[in-house]
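What follows is the residue order along each chain.
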Amino acid sequence: MVPLLLVLLLALLLFGAGFAIKILWWVAVAVLVLWLLGFVMRSTAAGGRGRWYRW
C-alpha cells in the first residue's frame, strides 16, 4: 500500500510542477511583451529617454 501511495504522490507532484511550469511560460511571455512595448512606446515627456514604466 505504501509504494502505491508514493507513486500517486509522485504523480501529483509531477502534475503540479508541469502546471506551474506552463503558467511560468505564460508569465514570461507577458513580461517579454511588456518589455518590448517599453521600447516601442517611449515617453517624450522625460527628455526622450524615459519609458512608460518606471523600472
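Treat the numbers as computed from the prediction; the structure is a model and nothing was measured.

Chemist: Mind showing me how you'd approach the overall build of the protein chain here?
Modeler: Assigned secondary structure in the protein chain consists of one helix and zero strands. Across the 55 residues that make up the protein chain, the buried fraction comes to 5%. Summing over all exposed atoms, the protein chain offers an accessible surface of approximately 5,200 Å²; the carbon and sulfur share of this is 80%.

Chemist: How do you make sense of a nonpolar patch on the surface when you look at a structure like this?
Modeler: On the surface, Trp26, Val29, Leu32, Val33, Leu34, Trp35, Leu36, Leu37, Phe39, Val40 and Met41 cluster together to form a nonpolar patch covering roughly 1,100 Å² of accessible area. Considering the arrangement of structural elements, one finds Leu34 in helix 1 (residues 2–40). Classification of Leu34 by relative accessible area gives partly exposed; the value is 39%.

About the cut-offs
Each chain carries its own residue numbering, running from 1 in the direction its sequence is written. The predicted nature of this model means local features are confined to residues of pLDDT at least 70 and side-chain atom pairs, given and counted, to a pLDDT of 80 or more, with totals for whole chains, interfaces and linings taken over all residues. Where side-chain values are given, they derive from all heavy atoms of the structure, hydrogens and water being excluded. Comment: elements are numbered from the N terminus, with helices defined as DSSP H or I runs of at least four residues and strands as E runs of at least two. Three labels apply to residues, based on accessible area from a 1.4 Å probe with only protein chains included: buried if under 20% of the type maximum, exposed if over 50%, partly exposed otherwise in between. Reported accessibility uses the Shrake-Rupley method at a 1.4 Å probe radius. Residues are deemed covered only where the shown protein chains occlude them. Patches were defined on residues exceeding 30% relative accessible area and lacking a salt bridge, with like-charge contacts within 9 Å and nonpolar side-chain contacts (Val, Leu, Ile, Met, Phe, Trp, Tyr) within 5 Å. Every case where a carboxyl oxygen of Asp or Glu lies within 4 Å of a side-chain nitrogen of Lys or Arg is listed as a salt bridge.

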